[in-house]
Amino acid sequence: MQVGGDFYDFISLGEEKLGMVIADVSGKGMPAALLMALSCALIRVISDEDISIKEVLEKTNQRIHEYATEGYFVTAFYGVLDLTGEKLEYIRAGHNPPFLYKANSDDFIFLEGKGMGLGVLEDINLEIRRIELTSGDILVLFTDGVTEAINPQSEEFGVTRLCRLVQEYRKHSAKQIIEKIEDELTTFVSGEPPFDDVTVMVVKV
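Residues numbered from 1 in each chain as written. Predicted model: local features only at pLDDT ≥ 70, side-chain atom pairs only at ≥ 80, totals over all residues. Heavy atoms only, no water.

**Student:** Break down the overall build of the chain for me, with residues and values.
**Tutor:** Helix and strand counts for the chain come out as five helices and nine strands. The order of α-helices and β-strands along the chain, N terminus first, is β-β-α-α-β-β-β-β-β-β-α-α-α-β. Scaling as 2.2 N^0.38, a compact globule of 205 residues should have a C-alpha radius of gyration of about 17 Å, and the chain matches this with 17 Å. Across its three principal directions, the C-alpha atoms of the chain cover 45 × 40 × 25 Å. Residue pairs at least 24 apart in sequence account for 68% of intrachain contacts in the chain once pairs closer than 6 positions are excluded. Just so you have it, the chain exposes about 10400 Å², and 49% of that area is on carbon and sulfur atoms. Side-chain charges of the chain comprise 19 positive and 35 negative groups, with the mean position of each set lying 5 Å from the other. (Helix = DSSP H or I, 4+ residues; strand = E, 2+ residues; numbered from the N terminus. Rg over C-alpha atoms; globule rule 2.2 N^0.38 Å. Contact = heavy atoms within 4.5 Å. Areas by Shrake-Rupley, 256 points an atom, 1.4 Å probe, with all protein chains shown as cover. Lys, Arg positive; Asp, Glu negative; His and termini not counted. Charge placed at Lys NZ, Arg CZ, Asp CG, Glu CD.)

**Student:** Describe the sheet that holds strand β3 (residues 74-82), naming the residues involved and giving the relevant values.
**Tutor:** Ordered in space as β1-β2-β3-β4-β7, the five strands form an open sheet in which the pairing is antiparallel. Strands at the two margins of the open sheet, each flanked by one partner only, are β1 (6-12) and β7 (129-132). Between one strand and the next, the sheet's axes are offset by a mean angle of 15°, whatever the strand orientation. Note: β3 against strand β4 (residues 87-93), six bridges, orientation antiparallel. Directly across from G79, in β4, lies its bridge partner Y90. Along the sheet, helix α1 (residues 29-47) makes contact with β1, β2 (17-25) and β3, crossing β1 at roughly 15°. The sheet strands contacting helix α2 (residues 53-67) are β3 and β4, and the helix crosses β4 at an angle near 25°. (Pairing = 2+ DSSP bridges. Axes fitted to C-alpha atoms, helices over the stretch in contact; angles between N-to-C directions.)

**Student:** Any details on the sheet that holds strand β6 (residues 107-110)? Residues and values, ideally.
**Tutor:** Within the open sheet, the four strands sit side by side as β6-β5-β8-β9. Their pairing is antiparallel. Two strands close off the open sheet at either side, each with one partner strand: β6 and β9 (200-204). Ignoring strand direction, the axes of neighbouring strands in this sheet form an average angle of 20°. Two strands pair when backbone bridges link them, and strand β5 (residues 99-102) and strand β8 (residues 138-142) are joined in this way by three bridges, in the antiparallel orientation.

**Student:** How would you explain the nonpolar core if you had to name every residue and give the values?
**Tutor:** One broad rule of soluble globular proteins: the nonpolar side chains tend to lie buried together. Counting residues in each nonpolar core, the largest one holds 26 residues, and the members touching the most others are F7, I43, L57, I64, V74, Y78 and L118. Put simply, the parts of the chain that give this core at least two residues each are β1, β2, α1, α2, β3 and β4. Excluding residues within four positions of it along the chain, F7 makes contact with V21, I22, A23, M36, S39, C40, I43 and V74. Among the nonpolar cores identified, the runner-up in size contains 21 residues, and F99, I138, C163 and V166 belong to it. (Core = buried A, V, L, I, M, F, W, Y, C linked by side-chain atoms within 4.5 Å. Buried < 20%, exposed > 50% of the residue type's maximum accessible area, 1.4 Å probe, protein only.)

Now the structure itself:
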């Protein structure tokens, strides 16, 4: 239980594009940790092949399906940020939908999309989606260890609370927003032992 199954990564795709991935391996212990390491390495290496994000995850899925212990799979969100046009192209492979706080409207957009976890089937159907970004927008990616963390009263931290924090601290830097989330989460659980890994990524445009 001391080894993690979450992972995240930023992948340089040239001067104008940045890949970002967050993922969660099913299960706990050493098998999950080994699959986490394999999956992270696969996505990073395959991304260098200059192919679409759909092809990256399809190839990763095939390798995971081939090598993973039966019953283990990986939920993932993989996006590529266009640094020149402020656009995000992404695929959600069974992972918790990240959300985008829109600074110009004070609204939240959840980045949905069709796709199942990697490694479940040899061939999977993944949907590419795209969204425009504007200055001040905040992209938040997380694993369920954040939103499903519980306090002594067995209440979940929840997505609504996470959104409220981002809205409240929207003027802060990405690093500061993560620190605020961490502080709030620590206070909320009040010493309750975590039942899952906790991973948060924040990108501020």
